[in-house]
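Spelled out, the chains give:
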Amino acid sequence: MQVPAPVEYERALSVDDAIERLTRLGPEARLVAGGHSLLPMMKLRLARPECLIDINGLADLSFIRRDGNVLRIGAMTRHSELLASQVISEVAKIIPDAEAVIADPIVRNRGTVGGSMCQADPAEDLSAVFAALDAMVEIRGPRGTRVVSVNGFHTGPYSTVVEPDEILTEVSFVTQKNLGSAYEKVERRVGDWAIAAAGAVIALQDGKIQRVGIGLAAVGAPDFRASRAEAYLLGKDATPDLFDEAARMASAECNPNSDQRGPSAYKRHLVEVLTRRALDGALSNSKGKAN
Amino acid sequence: MRVNIEVNGVNYSEEIEPRLLLVHFIRDQIGLTGTHWGCDTSNCGTCVLWLDDLPVKSCTVLTAMADGHRVRTVEDLEQGGELDPVQKGFMQEHGLQCGFCTPGMLMTARALLDRNPNPSDLEIREAISGQICRCTGYENIVRAIRWAAANSSSNGALDVAEVAQ
Ligand SMILES: Cc1cc2nc3c(=O)[nH]c(=O)nc-3n(C[C@H](O)[C@H](O)[C@H](O)COP(=O)(O)OP(=O)(O)OC[C@H]3O[C@@H](n4cnc5c(N)ncnc54)[C@H](O)[C@@H]3O)c2cc1C
Ligand code: FES
Ligand code: FES
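Residues numbered from 1 in each chain as written. Chains lettered and ligands numbered in written order. Predicted model: local features only at pLDDT ≥ 70, side-chain atom pairs only at ≥ 80, totals over all residues. Heavy atoms only, no water.

Thoughts on the domain arrangement of chain A
Residues and elements named next belong to chain A. Its domain assignment divides chain A into domain 1 (8-54), domain 2 (59-174) and domain 3 (188-286). Summarising the inter-unit geometry, the C-alpha centres of domain 1 and domain 2 are found 19 Å apart. The interface of domain 1 with domain 2 comprises 13 residues on the first partner and 16 residues on the second. Its largest share of buried area at the contact with domain 2, domain 1 owes to Val15, Ile19 and His36, together 39% of the area lost on that side. Our count for the domain 1 to domain 2 interface comes out at 1 salt bridge. Across the domain 1-domain 2 interface, the total number found is 1 residue pair in polar contact (both at pLDDT 80 or more). Top contributing element to the side of domain 1 that touches domain 2 by residue count: helix H1 (residues 15-25), with 6 residues. The residue makeup of the side of domain 1 that touches domain 2, split by class, is 8 nonpolar, 4 polar and 1 charged. (Domains from an automatic or database assignment. Contact = heavy atoms within 4.5 Å. Buried area = accessible area lost by both parts, 1.4 Å probe. Salt bridge = Lys/Arg side-chain N within 4 Å of Asp/Glu carboxyl O. Polar contact = N/O pair within 3.5 Å; in protein donor to acceptor, adjacent residues only side chain to side chain. Helix = DSSP H or I, 4+ residues; strand = E, 2+ residues; numbered from the N terminus. Nonpolar A, V, L, I, M, F, W, Y, C, P; charged D, E, K, R; others polar.)

Next up, the structure:
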């Protein structure tokens, strides 16, 4: 029987209250959101917090909001809410594409955006999605509020710039009318973590690629992205040959490990194929919007 | 710590350890053993029950997190001596063999039909994709849920005696 070790439990009444409790209790206290990464880790003693601060009651962190050309997603928004959102599927198809293959519908009822970003598993799909979208992350703590780019947000596997006394409150990204996007993932079985996954975001201006993002999950890509492939694509005509070359570059610049999900050469191959498919999918999604 | 949790319409005020998982509270502390407990790792789905109307894997929820909330378990499907259409469907279409996965399957099926009274086979398969059946096979489970969708009239479908015949 797997059960967590003894732990104290408190509920945060507001974001400020959560920060106060984190400050008072010190680094042995941990926020718990959906609990679908933290509780499994506590069962295995991979995490042993002395106190849990439950933030499920913070309804003001649960939102999907359009704010001019910025789309804002609250940290306590559940996977299932992202998947069901009409606004999200209109502006960023990459999100429902990914959400449909994150875990299973029951797990998606609990897991949250903030929990996914802060868990920072190297195979976390939303990390690749928000990398492709060039998202910004809002973090609040005793020293105030800061907004940081997803570039540099992850400081290593399972580690981020969010300090032990801070709380991630929001993820946001800039939308535009002709923004196309798509996400492609290969897993061993339904509901499993990715063997490899690639997401792409594209917008054209006068036929040229004016905005592009390529996110990669589970393959050791720095910042979950293929930045050389992105730089190569920017400003060029979106042709099949160009996409082929960008997919090859993405495959070369990531750094997958061989593990029980497959050898690294196989994962590199997947990155090439999936990046190519995601770019195609993003382009046709964008063209559909331009008409 | 003390928690107050409404389970199947009954309020339970109980003393618990904060680390107690909801599945163990439901089974061992208040004795509702209809909810099963299998993999411990949020993969098998036999522990599925409703927390405030949403199906969740109760092996991965702390009892403390359910304090002040409502829980619904498989015991609550039968109402006034009448089985829920999903229960009848599982009888009618041979949706279970050993029955180990069944409580979770039933709670997910009920939640699906409440939101989508006429799901496609694909939607049914998607809904139960976080749940594992090791013996019946999914074909009959999908049929059972389809049966429930087809036989859910406002005043309930066939009664148990009719189904058993
Ligand atoms: C069976 C299963 C399959 C899964 N498959 C996938 C998959 O295919 N792809 C995928 O991407 N994910 C998958 N997941 C992970 C799932 O997405 C988790 O729900 C998610 O990683 C964590 O979200 P949570 O809200 O449950 O976080 P929690 O477990 O509550 O927290 C995780 C960590 O983040 C911290 N934290 C949480 N919220 C905040 C916040 N607002 N500010 C600061 N710190 C915070 C916590 O302290 C903890 O350290 C799977 C999970 C399970 C159980
Ligand atoms: S016991 Fe909860 S999912 Fe298996
Ligand atoms: S009926 Fe035996 S596991 Fe499903």
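As for helix H2 (residues 85-92) of chain B
Residues and elements named next belong to chain B. Among the 8 residues of H2, 6 are classified as buried, and the element is accordingly described as predominantly covered. Along H2, the positions that sit buried rather than exposed are Pro85, Val86, Gln87, Lys88, Gly89 and Phe90. Residue aspartate 84 occupies the N-cap position of H2, its side-chain oxygen lying 2.9 Å from the main-chain nitrogen of valine 86. Where H2 terminates, the next one or two residues include histidine 94, which has phi positive at roughly 55°. (Buried < 20%, exposed > 50% of the residue type's maximum accessible area, 1.4 Å probe, protein only.)

Digging into the site of ligand 1
In the vicinity of ligand 1 there are 33 residues, among which Leu31, Leu38, His79, Thr112 and Asp125 of chain A approach most closely. Residues near ligand 1 are shared among chains A and B, making this a multi-chain site. Arginine 30 of chain A has a polar side-chain atom sitting 2.9 Å from an oxygen atom of ligand 1. The contact in question runs from an oxygen atom of ligand 1 to an N or O atom on the side chain of glutamate 124 of chain A, over 2.8 Å. Protein chains shield 95% of the accessible area of ligand 1, which is 980 Å² for the free molecule. Taken together, the elements giving at least two residues each to the shell around ligand 1 come down to strand E2 (29-32), helix H7 (113-119) and strand E10 (167-174) of chain A. (Near = heavy atom within 4 Å. Areas by Shrake-Rupley, 256 points an atom, 1.4 Å probe, with all protein chains shown as cover.)

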